[in-house]
Amino acid sequence: DQVVPFRGAHQAGIITPAQDRMHFVALDVVTKDPRELRELLMAWTGAAERMVAGAEAAPGGVIGGGPHKAPADTGEAFDLDASNLTITIGYGPALFDGRFGLAGRKPSPLRELPGFVGDDLDPARSGGDLCIQACANDPQVAVHAVRNLVRLGFGTVSVRWSQLGFGRTSATTRTQTTPRNLFGFKDGTANIRAEDTEALDRHVWVQPADVTGSAAWLAGGSYLVARRIRMHVEVWDRSTLQEQQDVIGRDKGEGAPLGQQSELDPVDFDAKGADGRPAIPMDAHVRLAHESRLGGIRILRRGYNFTDGSDGLGHLDAGLFFVAFMRDPHEQFVPMQRALAARDALSEYIEHTGSGLFACPPGLDDGDDWGRQLF
Ligand code: HEM
């Protein structure tokens, strides 16, 4: 394990090789005082930079404060190393509603997402003024990071919802192997990777020309779309292998597009099966999500598997915590999800139960902090 650099042109946790674990939290700002928010963002920067380096949230935080003070670091990561921890911050549309004098700084694509066919969104798992995505190879390191940032924000922010993810469902560099999701399929094969710099500029990083005037702070940043997607694993597990493969459009063992041999073979939507029908069915997930069907749209997927106990009706409450980064959510996620919601064969087996949209600022230069960057 290594220390992932905290500062740079872009925030870590977007094209950083996807770690194994995630703790994501959405928060609401409870203070009315913009100064308190700005000071918290400054304090968060310091604590985040320390924790990412494998240190305590505050110097001497675990035991150095002496016996008569509440420790400034909660301690559960005291003996653990940095575990590739990344902490990524994002701002929701509501943060720019005028409460903090930020209305003029709102980038225009930071508008709430529309509803989609089949959505079953729980307001208690959706929205938020801010988000923090902590990813690490050790779950305790990710949870510790979120917990200590939340603790620093007591009285200024409160937790709206949070999500733990236990297994990555994407590869974000060419050297990473493709993991599997809870339907047992390789997930993240056709993703944008850290090495694809041209595609990143085109599809992931907000370009200077996209955000002019007082929204220019977002240049070099990215929009984060989070969707908590329940997967009805019991129904899936009763369907045949062929049905499952037809729904996705790839084979289960190798992850090859149907009609091809190996995982990285290009998809051929014209290929025919032995019965003369399209090898990749017309309503297969990869056909509908493919850039060739969407006017060239792509996104960078960086989601995680979750299981949150049971639903009280004898089923696992399990699924995919879908996280994707993009240059404009209304030009990319919205048309893609519209196409999927309307026709995707996968829709029968899944349900979107939570949603969030956040603008993640660019990386920090030396000496800069999140408060100064935003205000
Ligand atoms: C591809 C699963 C939701 C966008 C795939 C693949 C699998 C998969 C197995 C093929 C391997 C790969 O290239 O990664 C799932 C499951 C989902 C889900 C189980 C829900 C629980 C979504 C959503 C979106 C999306 C909500 C976007 C709105 C894509 C895209 C591809 C893809 C863009 C690549 C298509 C290509 O270019 O070949 N997904 N997915 N997926 N998925 Fe999903």
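Summary of the structure given here. From a predicted model like this one, the values you see are computed outputs, not experimental measurements.

### Things to note about helix 5 (residues 241–248)
- Regarding helix 5, the residues found buried are Asp-246, Val-247 and Ile-248.
- The inward-facing, buried residues of helix 5 contact helix 6 (285–288).
- Gly-249 occupies a position one or two residues after helix 5 and carries a positive phi of about 95°.

### Side note on helix 1 (residues 34–52)
- For helix 1, with 19 residues, the first-to-last C-alpha span of 27 Å sits near the 27 Å given by 1.5 Å per residue.
- Restricting attention to buried positions, one finds in helix 1 the residues Leu-37, Leu-40, Leu-41, Trp-44, Thr-45, Ala-47, Ala-48, Met-51 and Val-52.
- Check the buried side of helix 1 and you find it contacts strand 1 (21–29), strand 2 (86–91), helix 2 (139–152), strand 4 (157–165) and helix 8 (370–374).
- Positive backbone phi, approximately 90°, marks Gly-54, located one or two places after helix 1.

### What to know about the pairing of strand 6 (residues 222–231)
- Buried residues dominate strand 6, accounting for 9 of its 10 residues.
- The pairing of strand 6 with strand 10 (residues 350–360) spans 10 bridges and is antiparallel. Its bridge partner lying in strand 10, Ala-226 is registered against Gly-356.

### Description of the site of the ligand
- Around the ligand sit 29 residues, and of these Phe-185, Thr-189, Ala-190, Ala-289 and Leu-320 come closest.
- If you list the elements that add at least two residues to the shell around the ligand, you get strand 6, helix 6, strand 9 (316–326) and helix 7 (333–343).

Here is what the cut-offs are and how they apply
- Residues numbered from 1 in each chain as written.
- Predicted model: local features only at pLDDT ≥ 70, side-chain atom pairs only at ≥ 80, totals over all residues.
- Buried ≥ 20, exposed ≤ 12 C-beta atoms within 10 Å, placed from the backbone.
- Helix = DSSP H or I, 4+ residues; strand = E, 2+ residues; numbered from the N terminus.
- Contact = placed C-beta atoms within 7 Å.
- Expected span 1.5 Å × (residues − 1).
- Pairing = 2+ DSSP bridges.
- Near = placed C-beta within 6 Å.

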